[in-house]
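Observations on the model geometry
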Amino acid sequence: GVSLRYPGPFFHEFVTDLPEPQKVLSALESRGILGLAGGGRLLWCATEKQSRAELDEAVSIVKEVLD
């Protein structure tokens, strides 16, 4: 149920469409991951400073909430 809002390449930020973005955002924030949601979308920002483990944790949280 998660998809990229805009096709094509991106630099650090990208937007996803997903069900219950506020619920996902709350779960992320409870684990120290800040975000921005609105209109059924979630804005993501990832740079070289995020480790693979941090990215995997965010994905895990999203899966947990949407299962």
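Below is a summary of the structure that appears in this document. Note that this is a predicted model, so its numbers are computed, not measured.

All right, on to the environment of R5 then. Relative to the elements of secondary structure, R5 occurs in the loop between β1 (3–4) and β2 (13–17). Using a relative accessible area of 34% as the deciding quantity, one classes R5 as partly exposed. In the structure, R5 is positioned eleven residues away from T16 in sequence and 5.0 Å away in space, judged by C-alpha atoms. Leaving out residues up to four positions away in the same chain, R5 has contacts with V15, T16, D17 and R41. Within the structure, the side chain of R5 is placed 3.4 Å from the side chain of D17, a separation counted as a polar contact.

So, about the packing of aromatic side chains. With the rule as written, the count across this model stands at two aromatic pairs. Each ring, one from F10 and one from F14, has its centre 4.9 Å from the other, and the planes form 40°; the classification is tilted. With relative accessibility at 23%, the residue F14 sits in the partly exposed group. Seen in terms of ring centroids, F14 and W44 are 6.3 Å apart; in terms of plane orientation they differ by 15°. Their pairing is stacked. Pair noted here: F14 is in strand β2 and W44 is in strand β4 (residues 41–45), with a separation of 30 residues, a long-range link. The structure contains a cluster of three or more aromatic residues connected by ring pairs, namely F10, F14 and W44. The aromatic ring of Y6 is capped on one face by R5, whose charged end is 6.0 Å from the ring centroid.

Turning our eyes to something else, we now look at the side chain of T16. Position of T16 among the secondary structure elements: in strand β2. Polar side-chain contacts of T16 include one of 2.9 Å to the side chain of W44. Ignoring anything within four residues of it in the chain, the contact list for T16 reads V2, S3, L4, R5, G40, R41, L42 and W44.

Procedures and definitions
In this convention, every chain numbers its residues from 1, walking through the sequence in written order. Per-residue local features of the predicted model are confined to residues with pLDDT of at least 70, and side-chain atom pairs are confined, for both listing and counting, to 80 or more; whole-chain, interface and lining totals are unaffected and use all residues. Side-chain measures here rest on the full set of heavy atoms in the structure, leaving out hydrogens and waters. Strands here mean DSSP runs of E at least two residues long; helices mean DSSP runs of H or I at least four residues long; both are numbered from the N terminus. Between buried and exposed lies partly exposed: a residue is buried under 20% and exposed over 50% of the maximum accessible area for its type, with that area taken using a 1.4 Å probe on protein chains only. Every residue pair with non-hydrogen atoms within 4.5 Å of one another is taken to be in contact. Whenever two N or O atoms come within 3.5 Å, that pair is a polar contact, provided that in protein one can donate a hydrogen and the other can accept it, and provided that, for residues adjacent in sequence, both atoms are side-chain atoms. Two aromatic rings, drawn from Phe, Tyr or Trp (for Trp, its six-membered ring), form a pair once their centres lie within 6.5 Å of each other, and the interplanar angle then sorts them: stacked below 30 degrees, edge-to-face above 60, tilted otherwise. A ring has a charge above it when a Lys NZ or an Arg CZ is no more than 6 Å from the ring centre and no more than 35 degrees off the ring normal.

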